[in-house]
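For reference, the chains in residue letters:
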Amino acid sequence: MKKILIIGSNSFSGSTFAKYCLSIGHEVHGVSRSIEPSKIFLPHYWSNPQANFKFLQLDLNFDQKKLIQLILDQDYSCIFNFAAQSMVGESWSNPKDWLKTNVLSVSELLTNLSKIKNIPRFVHVSTPEVYGSTSTWINEESPFNPSTPYAVSRSAGDMLFKIYAKNFGFPVIFTRAANVFGPGQQLYRIIPRTIFRILNKKKLELHGGGKSKRSFIYMDDVAKATYDIGIKGEIGETYHISTNRLISIKELVELICKEMGEKFENCVTIGEERVGKDQGYYLNSDKLRSNLDWKDLISLEEGIQKTIDWVYSNNGELLNESEDYVHKP
């Protein structure tokens, strides 16, 4: 049994990753800045024994002394950092909040961690938004070209990790995953939002007509990849986690409508495109597949059906939850 620390364990990605680690017998400590939300949004609580999971409410912006002490007190084999101020469109309204969490707090964290001898392997979960919009398949060496305040903040945070790795030997490994989805994802994300709105007879606003293309990947596949990268990945390297299938947002919504027996034109309205919206992320994941022998197992259709089942099973409780992102400074 390994002891693993997950920073940002209340996030969809962090919680699903915790579920995977628990399922293969590890002890998991999770920290997040907020209290734990409803368990319908925390997949690690659904089926795994909780004796091996411990949660602590710690804010990366304000509780770094406590976080560092936790790391000093525990013998973690690996630290996985999912914590970030996310949401692309909303970052235009309060960019300083994104810079505070994703740059200034990252800088403070690195300053503190670099003073610890024998720091364990550290997986920094990043985002394809750092590359900006791409029209061809790109590898992990592609240059950054951010197009929103969110992407700028993540790019700067990643660069801080890179220079600490180069100059102080900080044992970081980077992951960048294509659009993740699955049961337990917040309702402001496109797949659960579409399903929830169709089920409850509400129209979905499709920004810009849904022309942008994405690769959608089931979070359980991402969790397995993230674990493999943390345990077997090469220090200092970056790994893309993606499927080889691209689909436009419109085609995605059409697919969900078909799976739910509804007509596309009855379920959507067309809205204006969001400022700075990237039109495509084409992440080449050959490095992960060849070097670590990983492959995605859950198809888009199968993953959508699993997510539909989750929304149907929890619709009564989901009706009491916000469909929109609620910003926390």
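This text follows the structure it describes.
Cut-off values and rules
- Residues numbered from 1 in each chain as written.
- Predicted model: local features only at pLDDT ≥ 70, side-chain atom pairs only at ≥ 80, totals over all residues.
- Heavy atoms only, no water.
- Helix = DSSP H or I, 4+ residues; strand = E, 2+ residues; numbered from the N terminus.
- Expected span 1.5 Å × (residues − 1).
- Bend = angle between axes of the 7 residues up to and from the residue.
- Buried < 20%, exposed > 50% of the residue type's maximum accessible area, 1.4 Å probe, protein only.
- Contact = heavy atoms within 4.5 Å.
- Phe/Tyr/Trp six-rings, centres within 6.5 Å; stacked < 30°, edge-to-face > 60°.
- Lys NZ or Arg CZ within 6 Å of the ring centre and 35° of its normal.
- 1 Å grid on protein atoms, 1.4 Å probe; cavity = no way out; pocket = protein on both sides within 12 Å on 5 of 7 lines; lining within 4 Å.
- Points joined across faces, edges and corners; volume = space filled by probe spheres on them.
- Nonpolar A, V, L, I, M, F, W, Y, C, P; charged D, E, K, R; others polar.
- Polar contact = N/O pair within 3.5 Å; in protein donor to acceptor, adjacent residues only side chain to side chain.
- Core = buried A, V, L, I, M, F, W, Y, C linked by side-chain atoms within 4.5 Å.
- Salt bridge = Lys/Arg side-chain N within 4 Å of Asp/Glu carboxyl O.

### Examining helix 3 (residues 95–113)
Phase 1 of the analysis: For helix 3, built from 19 residues, the straight-helix expectation of 27 Å at 1.5 Å per residue is met to within 8% by its first-to-last C-alpha distance of 26 Å.
Phase 2 of the analysis: At Thr101, helix 3 shows its largest kink, close to 30°.
Phase 3 of the analysis: Listed in full, the buried residues belonging to helix 3 are Asp97, Trp98, Thr101, Asn102, Val103, Ser105, Val106, Leu109, Leu110, Asn112 and Leu113.
Phase 4 of the analysis: In this structure, the buried residues of helix 3 make contact with helix 2 (64–73), strand 5 (121–126) and helix 4 (149–168).

### What about the packing of aromatic side chains?
Phase 1 of the analysis: Within this structure, the stated rule accounts for 14 aromatic pairs.
Phase 2 of the analysis: Centroid distance Tyr45 to Phe53: 5.9 Å. Interplanar angle 75°. Geometry classified as edge-to-face.
Phase 3 of the analysis: Ring plane angle 45° and centroid distance 5.3 Å describe the contact between Tyr164 and Phe168, whose orientation is recorded as tilted. With Tyr164 and Phe168 both in helix 4, this residue pair falls 4 residues apart, about one helical turn.
Phase 4 of the analysis: One cation-aromatic arrangement involves Lys39 over Tyr45; the distance from NZ or CZ to the ring centre is 4.7 Å.
Phase 5 of the analysis: Against the face of Phe174 rests Lys162, its NZ or CZ located 5.1 Å from the ring centre.

### A few points about empty space enclosed by the protein
Phase 1 of the analysis: Considering all chains together, one arrives at 1 cavity of 30 Å³ or more under this definition.
Phase 2 of the analysis: Estimates place the volume of the largest cavity at around 50 Å³.
Phase 3 of the analysis: If you go around the largest cavity, the residues you meet are Asn81, Ala83, Ala84, Asn102, Val106, His124, Ser153, Arg154, Gly157 and Asp158.
Phase 4 of the analysis: Top element by residues in the lining of the largest cavity is helix 4. It accounts for 4 residues.
Phase 5 of the analysis: Taken together, the residues of the lining of the largest cavity break down into 3 nonpolar, 5 polar and 2 charged.

### With respect to the side chain of Asn10
Phase 1 of the analysis: By the secondary structure assignment, Asn10 is in the loop between strand 1 (3–7) and helix 1 (12–23).
Phase 2 of the analysis: There is a polar contact of 3.3 Å between the side chain of Asn10 and the backbone oxygen of Ile35.

### Concerning the environment of Val326
Phase 1 of the analysis: Mapped onto the secondary structure, Val326 falls in the segment after helix 10 (300–318).
Phase 2 of the analysis: Separated by 138 residues in sequence, Val326 and Tyr188 have C-alpha atoms that sit 9.5 Å apart.

### A short note on the side chain of His240
Phase 1 of the analysis: Within the element layout of this structure, His240 appears in strand 11 (residues 238–241).
Phase 2 of the analysis: A polar side-chain atom of His240 sits 2.8 Å from a polar atom in the side chain of Tyr131.
Phase 3 of the analysis: If we ignore the near neighbours within four places in the chain, the residues touching His240 are Tyr131, Ile138, Asn139, Glu140, Arg176, Leu283, Asn284, Ser285 and Leu288.

### Notes on helix 7 (residues 249–259)
The α-helix advances 3.6 residues per turn, and as a result positions three or four apart in sequence lie on the same side.
Phase 1 of the analysis: Buried within helix 7 we find Ile249, Leu252, Val253, Leu255, Ile256 and Cys257.
Phase 2 of the analysis: Remark: Gly261 follows helix 7 within two positions and exhibits a positive phi of approximately 70°.

### Description of the nonpolar core
Phase 1 of the analysis: Counting residues in each nonpolar core, the largest one holds 30 residues, and the members touching the most others are Phe216, Leu252, Val253, Ile256, Leu300, Ile304 and Leu318.
Phase 2 of the analysis: Of all the elements in the fold, those that place two or more residues in this core are helix 5 (190–199), strand 8 (204–207), strand 10 (216–218), helix 7, helix 8 (264–267) and helix 10.
Phase 3 of the analysis: Apart from the residues within four sequence positions on either side, Leu318 is in contact with Ile40, Phe41, Leu187, Phe196, Trp310 and Val311.
Phase 4 of the analysis: Membership of the second largest hydrophobic core comes to 25 residues, among which are Ile7, Val106, Leu110 and Phe170.

### Regarding the environment of Gly30
Phase 1 of the analysis: Secondary-structure assignment places Gly30 in strand 2 (residues 27–32).
Phase 2 of the analysis: Contact partners of Gly30, with chain neighbours within four places excluded, come to Ile6, Ser9, Phe53, Lys54, Phe55 and Leu56.

### Re the pattern of salt bridges
Phase 1 of the analysis: Using the criterion set out here, one finds 11 salt bridges in the structure.
Phase 2 of the analysis: Here Asp97 ties to Lys96 by a salt bridge, and the two come within 3.4 Å at their closest N and O atoms.
Phase 3 of the analysis: In this structure Lys96 comes out as exposed when scored by relative accessible area, which is 60%.
Phase 4 of the analysis: Across the pair Arg197 and Glu323 runs a salt bridge, and its minimum N-O distance is 2.8 Å. One end of the pair, Arg197, is in helix 5; the other, Glu323, is in the segment after helix 10, with 126 residues separating them in the sequence.
Phase 5 of the analysis: Since its relative accessible area comes to 17%, Arg197 is described here as buried.

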